[in-house]
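A closer look at the structure
Residues per chain, in single letters:
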Amino acid sequence: MFAILLENILLGAYRRGERLRLEDIADDLQVSRTPVREALVPLEALRLVVVQRYVGVVIAHWSVDHMVERLRIARSMLDEPPACAGAANDRFDPALLVGRRTEAGCLGVLGVWVLRRSGAAVCADWLEAQLPVLDVFFTDDVAAANGIDAALDRGRRIAILHRARRAAEADAVSECGTALIELVDALIAMPERFRVAASA
């Protein structure tokens with residue numbers, strides 16, 4: 001349920017600022033209100049909806065800039081992870097990448113591992129919470145609905161991702177982090193490239 005609502009919001013099936021009743025969403029998706037109510041909790045935490053008593057669900061006024069801001073925060077954490085006591089020493093499990101739909105989703109998985117290995121558990125928790133929205137936002141359909149050509153430069157991003165994955169599998173935390181920063185920069189550049197093309 002969460003995944004369906006998340007994709008609908010990011011695709012623009014629900015307009016920003018639109019007010020929806022819980023019953024209407026449940027009827028549209030042909031489910032009871034309980035799974036809808038449960039799915040709204042993480043969507044509200046991700047600031048994609050606001051649930052207002054007596055009003056209903058209001059689709060937040062999110063933008064591409066908000067998605068880029070998530071990437072910039074991730075970049076700053078990966079660039080200088082706040083070192084704390086209790087760094088994990090778990091080896092990277094490649095199975096965690098299975099099911100990720102985009103380079104941004106894989107970036108999140110690898111980034112969580114780097115941050116945990118660096119002792120930045122709170123940062124890792126934050127990035128892990130952002131995984132669903134980053135993974136879905138950079139799919140071809142959702143990116144296109146938001147004016148971004150996700151196919152552009154994909155080969156380069158995948159090559160960087162492979163480098164980060166190989167580093168993680170070799171337990172080279174610093175090398176993986178460096179590759180992930182390069183990948184974040186490439187993802188951040190995607191919307192900027194669109195804006196330059198649109199204004200020309």
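Above: the structure in question.
Described in the following lines is the structure provided in the data block.

Reading the values: the criteria
Residues numbered from 1 in each chain as written. Predicted model: local features only at pLDDT ≥ 70, side-chain atom pairs only at ≥ 80, totals over all residues. Heavy atoms only, no water. Axes fitted to C-alpha atoms, helices over the stretch in contact; angles between N-to-C directions. Helix = DSSP H or I, 4+ residues; strand = E, 2+ residues; numbered from the N terminus. Parallel < 35°, antiparallel > 145°, perpendicular 65-115°, else oblique. Left-handed = near helix turned anticlockwise from the far one by under 90°. Contact = heavy atoms within 4.5 Å. Nonpolar A, V, L, I, M, F, W, Y, C, P; charged D, E, K, R; others polar. Salt bridge = Lys/Arg side-chain N within 4 Å of Asp/Glu carboxyl O. Buried < 20%, exposed > 50% of the residue type's maximum accessible area, 1.4 Å probe, protein only.

**Some remarks on the packing of helix α1 (residues 2-11) against helix α3 (residues 33-45)**
Close contact between α1 and α3 brings their axes to 9 Å; oriented N to C, the two are set at 55°. Viewed along their axes, α1 and α3 adopt a mutual orientation that is oblique. Once α1 is placed against α3, the crossing between them reads as right-handed. Contacts between α1 and α3 involve Phe2, Leu5, Leu6 and Ile9 from the first element and Val36, Ala39, Leu40, Pro42 and Leu43 from the second. Classifying every residue of the contact of α1 with α3 by side-chain character gives nine nonpolar, no polar and no charged.

**Side note on the pattern of salt bridges**
Here the structure, examined in full by the defined rule, presents 16 salt bridges. Of the charged contacts, one joins arginine 15 and glutamate 18 as a salt bridge, the two residues approaching to 3.9 Å between their closest N and O atoms. Since its relative accessible area comes to 18%, glutamate 18 is described here as buried. Close ionic contact of aspartate 185 with arginine 75 constitutes a salt bridge, the shortest N to O distance being 2.6 Å. One end of the pair, aspartate 185, is in helix α9 (residues 173-199); the other, arginine 75, is in helix α4 (residues 64-79), and 110 residues separate them in sequence. Given a relative accessible area of 25%, arginine 75 falls into the partly exposed group. Among the charged side chains, a salt-bridge network with shared partners connects Glu103, Asp140, Arg154 and Arg157.

Take it as geometry only, folks, not as evidence of what the structure does.
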